[in-house]
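Analysis of the macromolecular model
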Amino acid sequence: MGAVTIPAPSVETNPKITTGDGVPDATVVGMDTWVWATGDTPSEVRVTASAGSMSAEVVAASSGLRVSAPDANQSCTGWGSPWVDGKNQEGSSDCTVQFTRSSAHLGGTTPLSVSVSYDVSWTASDGNSGTLNPITTNSTVNIPVAEIQTVNHTPSQH
């Protein structure tokens with residue numbers, strides 16, 4: 001296990017707008033914010049270690065991200081899908097967060113907690129095998145969450 005290194009999860013999000021008061025990379029209340037793992041976040045890590053004539057392979061494997069944030073509803077059952085302008089549609093990612101409130105009351109950003117849990121197993125060159133304790137890696141991304149306000153009214157009937 002000492003040879004196994006798993007990096008903290010790294011994610012990207014969309015939308016990323018610049019607000020009217022100049023805050024960059026913000027998302028919007030009430031819209032799906034897509035979250036996806038970047039290439040720095042492995043779904044599987046394999047490491048082989050040797051001691052004399054004996055070797056063992058350790059495999060750490062995960063099925064996806066877990067995300068959470070205050071003032072948000074999240075649905076994440078995999079690694080997320082990268083947003084591609086002009087191609088992707090609202091609701092077609094397996095990892096989204098919908099914020100219910102702006103981040104103004106939290107000092108300007110909402111912390112998005114991201115974790116990945118890995119099941120760990122090993123196989124030795126002599127045929128023995130087993131499991132080890134799971135490993136969970138964590139990171140936090142601070143996201144500005146903006147509100148878009150509008151006035152709705154019923155047109156007068158003549």
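You'll find the structure just up there.
One structure accompanies this document, and this report is about it. (Residues numbered from 1 in each chain as written. Predicted model: local features only at pLDDT ≥ 70, side-chain atom pairs only at ≥ 80, totals over all residues. Heavy atoms only, no water.)

**Quick look at the pattern of salt bridges**
Throughout the structure, instances matching the rule amount to 3 salt bridges. For Glu12, the salt bridge is made with Lys16, and the minimal N-O distance between the two is 2.9 Å. Using a relative accessible area of 33% as the deciding quantity, one classes Glu12 as partly exposed. Residue Lys16 is classed as partly exposed on the basis of its relative accessible area, which comes to 39%. Residue Arg46 pairs with Glu57 through a salt bridge whose shortest N-O separation is 3.2 Å. (Salt bridge = Lys/Arg side-chain N within 4 Å of Asp/Glu carboxyl O. Buried < 20%, exposed > 50% of the residue type's maximum accessible area, 1.4 Å probe, protein only.)

**Thoughts on the pairing of strand E6 (residues 65-68)**
Burial along E6 is one-sided: the face carrying Leu65 and Val67 is buried and the face carrying Arg66 and Ser68 is not. For E6 and strand E9 (residues 110-124), the ladder comprises 4 bridges, and the chain directions are antiparallel. Residue pairing for E9: Ser68 is matched across the bridge by Ser113. (Helix = DSSP H or I, 4+ residues; strand = E, 2+ residues; numbered from the N terminus. Pairing = 2+ DSSP bridges.)

**A word on the side chain of Thr27**
Structurally, the position occupied by Thr27 is in strand E2 (residues 27-28). On the basis of relative accessibility, which here comes to 1%, the residue Thr27 falls in the buried class. Only 2.5 Å separates the side chain of Thr27 from the side chain of Thr33, close enough to count as a polar contact. Ignoring sequence-local partners within four residues, the contact set of Thr27 consists of Pro15, Thr33, Phe99, Ile143, Pro144, Val145 and Ala146. (Polar contact = N/O pair within 3.5 Å; in protein donor to acceptor, adjacent residues only side chain to side chain. Contact = heavy atoms within 4.5 Å.)

**Observations regarding the nonpolar core**
Val35, Leu65, Val67, Val97 and Leu112 are the most contacted members of the largest nonpolar core, which has 23 residues in total. Listed by contribution, the elements that provide at least two residues to this core are strand E3 (32-37), strand E4 (44-51), strand E5 (54-61), E6, strand E8 (95-99) and E9. For this core, the element with the highest residue contribution is E9, accounting for 5 residues. Not counting chain neighbours up to four residues away, the residues in contact with Leu65 comprise Val11, Val35, Trp36, Ala37, Cys76, Gly78, Trp79, Cys95, Val114, Ser115 and Val116. (Core = buried A, V, L, I, M, F, W, Y, C linked by side-chain atoms within 4.5 Å.)

**Some words on the sheet that holds strand E7 (residues 72-76)**
Strands sit in the order E1-E3-E8-E7 across an open sheet of 4 strands; the sheet is antiparallel. Where the open sheet ends on each side, the last strands, each with one partner, are strand E1 (11-14) and E7. Taking each pair of neighbouring strands and ignoring which way they run, the sheet shows an average axis angle of 20 degrees. Bridge count between E7 and E8: 5 bridges; the pairing is antiparallel. Residue pairing across strands places Gln74 opposite Val97, the latter belonging to E8. (Axes fitted to C-alpha atoms, helices over the stretch in contact; angles between N-to-C directions.)

**A closer look at the packing of aromatic side chains**
By the definition in use, this model includes 1 aromatic pair. Judged by centre distance (4.8 Å) and plane angle (85 degrees), the rings of Trp34 and Trp83 are edge-to-face. Pair noted here: Trp34 is in strand E3 and Trp83 is in the loop between E7 and E8, with a separation of 49 residues, a long-range link. (Phe/Tyr/Trp six-rings, centres within 6.5 Å; stacked < 30°, edge-to-face > 60°.)

**Thoughts on unusual backbone geometry**
The residue after Asn14, namely Pro15, is reached through a cis peptide bond having omega 15 degrees. The topology assignment puts Pro15 in the loop between E1 and E2. In this structure, Asp25 takes a positive phi of about 60 degrees despite not being glycine. One can find Asp25 in the loop between E1 and E2. A positive phi angle, near 55 degrees, is found at Asp71, a position not held by glycine. Inspection of the secondary structure puts Asp71 in the loop between E6 and E7. For Asp71, a relative accessible area of 26% gives the class partly exposed.

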